[in-house]
Amino acid sequence: DVKVTQSSRYLVKRTGEKVFLECVQDMDHENMFWYRQDPGLGLRLIYFSYDVKMKEKGDIPEGYSVSREKKERFSLILESASTNQTSMYLCASSFGGQTYNSPLHFGNGTRLTVT
Amino acid sequence: DAKTTQPNSMESNEEEPVHLPCNHSTISGTDYIHWYRQLPSQGPEYVIHGLTSNVNNRMASLAIAEDRKSSTLILHRATLRDAAVYYCILARRTGANSKLTFGKGITLSVRP
């Protein structure tokens, strides 16, 4: 089974801190994604990557950046955390080539609280 | 991007079939229909996807209307573990990198 592992289940950070959320997948998937999930808003795509060192903006990239130096690892970076970035963050991966025809495999999420 | 419309919630009884509807009236010919579900305190889990023909797997069946403007996820025998939020999503075939946009989903409750 595909495993997508997010480094922290819960995280508490202060406003203005630089925050790194790490995600690792073990199935050699080309595509990786970062979503955030908020009550009443569903899942919203922040960034995705379809290859090492490649990235594309999703629907809500403002205030975030990403890094993909190795195929198995995709990092989400909050340059200066703000309280409106308090949320559940979900990482996902999928087999490359046809993202429209490949299942997404999700991690169990990181609940980030910014105080 | 084409959008999907789902009821907010649905209830079912344990061991009975469940039909979860999804409307996607603005679907294009290259949009794949995906279903995911999310159990409490977990990330979403892939259920099934298809393009035009009905699809079956070990978890569920996907029935796609002939005009593709709607689809139905069928759980053949609901269990308490099937209580979750179910998302119906369209993934457009535009190059290799289409993104999946999740809506609010439908919350399924299963009565013992």
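Preceding this section is the structure that the text describes.
On a predicted model such as this, the values are computed, not experimentally measured, just so you know. (Residues numbered from 1 in each chain as written. Chains lettered and ligands numbered in written order. Predicted model: local features only at pLDDT ≥ 70, side-chain atom pairs only at ≥ 80, totals over all residues. Heavy atoms only, no water.)

Some thoughts on the overall build of chain B
Looking only at helices and strands, chain B features 0 helices and 9 strands. Each helix (α) and strand (β) of chain B, taken in turn from the N terminus, gives the series β-β-β-β-β-β-β-β-β. For 112 residues, the compact-globule estimate of 2.2 N^0.38 gives 13 Å, and chain B sits close to it at 14 Å. Reported as C-alpha extents along the three principal axes, the dimensions of chain B are approximately 45 × 30 × 25 Å. When each of the 112 residues of chain B is scored for burial, the buried share is 43%. Taking the intrachain contacts of chain B between residues at least 6 apart in sequence as the baseline, contacts between residues at least 24 apart amount to 58%. (Helix = DSSP H or I, 4+ residues; strand = E, 2+ residues; numbered from the N terminus. Rg over C-alpha atoms; globule rule 2.2 N^0.38 Å. Buried < 20%, exposed > 50% of the residue type's maximum accessible area, 1.4 Å probe, protein only. Contact = heavy atoms within 4.5 Å.)

Here's the deal with the nonpolar core
Grouped together as the largest cluster of nonpolar side chains are 22 residues, with contacts concentrated most on Leu20, Ile33, Trp35, Leu73, Leu75, Tyr86 and Leu108 of chain B. Those elements that place two or more of their residues in this core are strand E2 (18-23), strand E3 (31-38), strand E4 (45-50), strand E6 (61-64), strand E7 (70-75), strand E8 (84-92) and strand E9 (106-111) of chain B. If sequence neighbours within four positions are ignored, Leu73 of chain B has contacts with Val18, His19, Leu20, Trp35, Val47, Ile48, Ala60, Ser61 and Tyr86 of chain B. Counting residues in each nonpolar core, the second largest holds 20 residues, with Leu11, Ile46, Leu78 and Leu112 of chain A among its members. (Core = buried A, V, L, I, M, F, W, Y, C linked by side-chain atoms within 4.5 Å.)

A word on the interface of chain B and chain A
Interfaces are often sized by the accessible area lost when the parts come together. With 24 residues of chain B at the interface, the matching set in chain A holds 25 residues. For the interface between chain B and chain A, the tally reads 0 salt bridges. Between the two partners, chain B and chain A, sit 8 residue pairs in polar contact (both at pLDDT 80 or more). Breaking the side of chain B that touches chain A down by element, the ones donating at least two residues are E3, E4 and E8 of chain B. Here the residues of the side of chain B that touches chain A sort into 9 nonpolar, 11 polar and 4 charged. (Salt bridge = Lys/Arg side-chain N within 4 Å of Asp/Glu carboxyl O. Polar contact = N/O pair within 3.5 Å; in protein donor to acceptor, adjacent residues only side chain to side chain. Nonpolar A, V, L, I, M, F, W, Y, C, P; charged D, E, K, R; others polar.)

Side note on the sheet that holds strand E5 (residues 55-56) of chain B
Residue and element names in this part refer to chain B. Across the sheet, which stays open at both edges, the 4 strands sit in the order E2-E7-E6-E5 with antiparallel pairing between neighbours. Strand pairing shows two members of the sheet lacking a second neighbour, E2 and E5, which therefore form its edges. Two elements, E5 and E6, share 2 bridges in a ladder whose sense is antiparallel. Note that in E6 the partner of Asn56 across the bridge is Ser61. (Pairing = 2+ DSSP bridges.)

A look at the state of the cysteines
Tallied over the full model, the rule gives 2 disulfides over all chains. A disulfide bridge connects Cys23 of chain A with Cys91 of chain A, and the sulfur atoms are separated by 1.9 Å. Taking the torsion about the sulfur-sulfur bond, which here is approximately -80 degrees, the covalent link between Cys23 of chain A and Cys91 of chain A counts as left-handed. Taken as a pair, Cys23 of chain A in strand E3 (residues 19-25) and Cys91 of chain A in strand E9 (residues 87-94) lie far apart in primary sequence, 68 residues in all. Cys91 of chain A carries the same exposure label as Cys23 of chain A, and that label is buried. Across the disulfide from Cys22 of chain B sits Cys88 of chain B; the S-S distance is 2.1 Å. Negative torsions about the S-S bond denote left-handed disulfides, and the value of about -85 degrees found for Cys22 of chain B with Cys88 of chain B makes this one left-handed. Of the two residues, Cys22 of chain B sits in strand E2 while Cys88 of chain B sits in strand E8, which places them 66 residues apart along the sequence. Judged by relative accessible area, which is 1%, Cys88 of chain B ranks as buried. (Disulfide = S-S within 2.5 Å.)

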